[in-house]
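# Tertiary structure, described
Each chain is listed here by its residues.
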Amino acid sequence: NTMRLKKLTALVPVSDELMSDAFALPAYLSRKTGISIRWKTNNAIINGTGAGQPVGIAGHAAEVSQAKETSQTADTINANNVAKMRGRLHVTNGLGGVRWLLHPDAFNQLFTMSVGNSPIWHPDFRLASGGTLLGIPVILSHTCQTLGDKGDIRLIDFNGYRTITKSSGIETATSMHLYFDAGAMAFRAVFRVDGQPVVKSTNAATNGRSTFSPYVTL
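These remarks concern the structure in this document. (Residues numbered from 1 in each chain as written. Predicted model: local features only at pLDDT ≥ 70, side-chain atom pairs only at ≥ 80, totals over all residues. Heavy atoms only, no water.)

Turning to helix α2 (residues 25-47), a few remarks are in order. When the terminal C-alpha atoms of α2 are compared, their 32 Å separation across 23 residues agrees well with the 33 Å that a helix rising 1.5 Å per residue should span. All buried positions along α2 are accounted for by L25, L29, T33, G34, I37, T41, A44, I45 and I46. Elements in contact with the buried residues of α2: β1 (6-15), α1 (16-21), β3 (98-102), β9 (153-157), β10 (161-165) and β12 (184-197). (Helix = DSSP H or I, 4+ residues; strand = E, 2+ residues; numbered from the N terminus. Expected span 1.5 Å × (residues − 1). Buried < 20%, exposed > 50% of the residue type's maximum accessible area, 1.4 Å probe, protein only. Contact = heavy atoms within 4.5 Å.)

Before going further, it helps to spend a moment on a positive patch on the surface. Taken together, K7, K166, R188 and R192 make up a surface patch of like positive charges. Residue position: R188 is located in strand β12. (Patch = residues over 30% accessible without salt bridge, like charges linked within 9 Å, V, L, I, M, F, W, Y side chains within 5 Å. Areas by Shrake-Rupley, 256 points an atom, 1.4 Å probe, with all protein chains shown as cover. Salt bridge = Lys/Arg side-chain N within 4 Å of Asp/Glu carboxyl O. Lys, Arg positive; Asp, Glu negative; His and termini not counted. Charge placed at Lys NZ, Arg CZ, Asp CG, Glu CD.)

So, on to the pattern of salt bridges. Per the stated rule, a full pass over the model turns up four salt bridges. Residue R154 is joined to E63 by a salt bridge in which the shortest nitrogen-to-oxygen separation is 2.5 Å. Pair noted here: R154 is in strand β9 and E63 is in the loop between α2 and β2 (64-65), with a separation of 91 residues, a long-range link. Each of the two residues, R154 as well as E63, counts as buried. With a closest N to O distance of 3.0 Å, R126 and D124 form a salt bridge.

Another aspect to go through is unusual backbone geometry. Most peptide bonds are trans, and most residues other than glycine sit at a negative phi. We note that D75 has phi near 60 degrees; this positive angle belongs to a residue other than glycine. In this structure D75 comes out as partly exposed when scored by relative accessible area, which is 45%. The phi angle at L134 is positive, at roughly 55 degrees, despite the residue not being glycine. Counting through the fold element by element, L134 comes out in the loop between β7 (132-133) and β8 (136-140).

Spelled out as structure tokens, the structure:
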């Protein structure tokens, strides 16, 4: 499908007094708007509708949904869940781009995960904010749904997601005209981005009944 850059804008009014009194304010605003733009972009990659924003992974035709266990307690994630999710992951180009995404509400589910006497989660926070699960880094992310809802944990090969951005990155500008009557300066940051899953549908097994995808959710 064709990709066209979408414009994401942050606009902050700042009083003339604050601009004159706080010399570090422009750098502070640049940092804070950058954080906001990064969040909106990351959220769109997972949950985007495609209307004026990237096409997200959640709900896409290529997404695989792994059912929970039949008698599983509500609002839990267990070792069987993640093992079956890993079994349905289609890796596009090695494991380097594969990550677990997990809502912070569900982080406590990892601490007791094991197969037999062997833990499958390790608190190696040097690799990711949530350690590693089955050797794959875990990123704690509010782009996921809360514990117990579909999408509280996702296994994604980000090599299977394509993005484009403007080479100039985030562009900033200021203007005294927009809020002139209010005695304020307008600080604007603009980031142009688009994205969509590379895979358009789930992959059927050559032998077997399961489907596979670079995007697996519980």
